[in-house]
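Residue-level structural notes
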Amino acid sequence: MSMKPFPMNLNFKTGELTPNDRTNIRKLSDMKGMFLDSEAERRILEKDDPLIYSFSEKVLPEENGHLQIATTTIHPGKIGDEYHMTKGHYHRRPDTSEMYLGLEGEGCLLMQTVEGDFESITIRPGTVAYIPPYWGHRMVNTGRTPYIFFAVYPGDAGHNYGDIEKTGFLKILIERNGKPLLIDNPRWKK
Ligand code: PAN
Ligand code: ZN
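Residues numbered from 1 in each chain as written. Chains lettered and ligands numbered in written order. Predicted model: local features only at pLDDT ≥ 70, side-chain atom pairs only at ≥ 80, totals over all residues. Heavy atoms only, no water.

For the zinc ion (ligand 2), the full set of protein donor atoms is His89 (NE2), His91 (NE2), Glu98 (OE) and His137 (NE2), and the range of their distances to it is 2.1 to 2.3 Å. Coordination geometry of the zinc ion (ligand 2): the 6 donor atoms subtend angles of 74 to 175° at the metal centre, consistent with an arrangement described as octahedral. For the zinc ion (ligand 2), the donor residues sit on a single chain with the sequence spacing H-x1-H-x6-E-x38-H. According to the relative accessible area criterion, His91 is buried, its value standing at 5%. (Donors = N, O, S within 2.8 Å, 3.2 Å for Na, K, Ca; no water. Tetrahedral: all angles 85-135°; square planar, octahedral: opposite > 155°, others 65-115°. Buried < 20%, exposed > 50% of the residue type's maximum accessible area, 1.4 Å probe, protein only.)

Set out below in structure tokens:
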């Protein structure tokens, strides 16, 4: 029996997706070692465990032919000079693509391939970014307000976090003289 069509509501201001089945929370302690400044990370974690981002998903079949739907909110802030960001990932099925739509706030989509190609796209409300197959992706909040975006990707894409945990991203986004600056990641390993 095939699935019946259904509507959902997406609040363009808050990113709230209703109904959704699951909200995932990522605190600084869930992202140990992902920010460059490990001393700043240690100092913050001594006192606090700030929420970096959360994302809500509608649970749909993880099968070819279906789509997955999610909204993400990255809270503003920095660890040392580096802006709050998502962990970032490749898809477990690397030949799958994704679409991001910016809803609120401002920031940047960082993308890279295992061969060492790198691209970045500024995403503001209304920007639609297409992430082709094989490009790992991470979002970074460079503003002072929550950064909210909507994502749609193939049902069977899955997530591979391990490779980014090992290599990091080629470039990182830091604040310099009050402005975002993309710099080479000194810890990047191919
Ligand atoms: C997004 C991300 C979401 C959270 O829905 O899963 O923004 O980022 P991380 O998955 O890197 O923690 C997506 O790209 N899905 O494929
Ligand atoms: Zn993805």
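Once the structure has been displayed, the description carries forward.
Turning to the pattern of salt bridges, a few remarks are in order. Counted under the stated rule, the structure contains 10 salt bridges. Notably, a salt bridge pairs Lys171 with Asp184, separated by 2.9 Å at the nearest N-O pair. Pair noted here: Lys171 is in strand S14 (residues 171–176) and Asp184 is in strand S15 (residues 179–184), with a separation of 13 residues, a long-range link. Judged by its relative accessible area of 23%, Lys171 falls in the partly exposed class. Using a relative accessible area of 54% as the deciding quantity, one classes Asp184 as exposed. Residues joined by salt bridges that share partners form a network here, namely Glu39, Arg42 and Glu46. (Salt bridge = Lys/Arg side-chain N within 4 Å of Asp/Glu carboxyl O. Helix = DSSP H or I, 4+ residues; strand = E, 2+ residues; numbered from the N terminus.)

Another point: the site of ligand 1. Residues in close proximity to ligand 1 total 17 residues, the closest being Tyr53, Thr72, Glu98, Tyr100 and Tyr161. With the chains in place, 99% of the 390 Å² that ligand 1 exposes on its own is no longer accessible. Secondary-structure elements contributing two or more residues to the shell around ligand 1 are strand S4 (51–58), strand S5 (67–74), strand S8 (98–104) and strand S13 (147–154). In terms of residue count, the dominant contributor to the shell around ligand 1 is S13 (3 residues). (Near = heavy atom within 4 Å. Areas by Shrake-Rupley, 256 points an atom, 1.4 Å probe, with all protein chains shown as cover.)

What follows concerns the pairing of S4. Counting buried residues in S4 gives 7 out of 8 residues, a clear majority hidden from the surface. Where strand S3 (residues 22–27) meets S4, 6 bridges bridge the pair, whose relative direction is antiparallel. Counterpart to Arg22 in the pairing with S4 is Glu57. (Pairing = 2+ DSSP bridges.)

Time to look at the sheet that holds strand S12 (residues 136–141). Strand order in the open sheet made by the 3 strands is S10-S9-S12, with antiparallel pairing throughout. Looking at strand neighbours, the two that pair on one side only are strand S10 (118–123) and S12, the edges of this open sheet. Here the strands of the sheet are splayed against their neighbours by 20° on average, with no regard to which way each runs. Summarising the sheet, strand S9 (residues 107–112) and S12 pair through 6 bridges and their orientation is antiparallel. Of the residues in S12, the one forming a bridge with Gln112 is Gly136. (Axes fitted to C-alpha atoms, helices over the stretch in contact; angles between N-to-C directions.)

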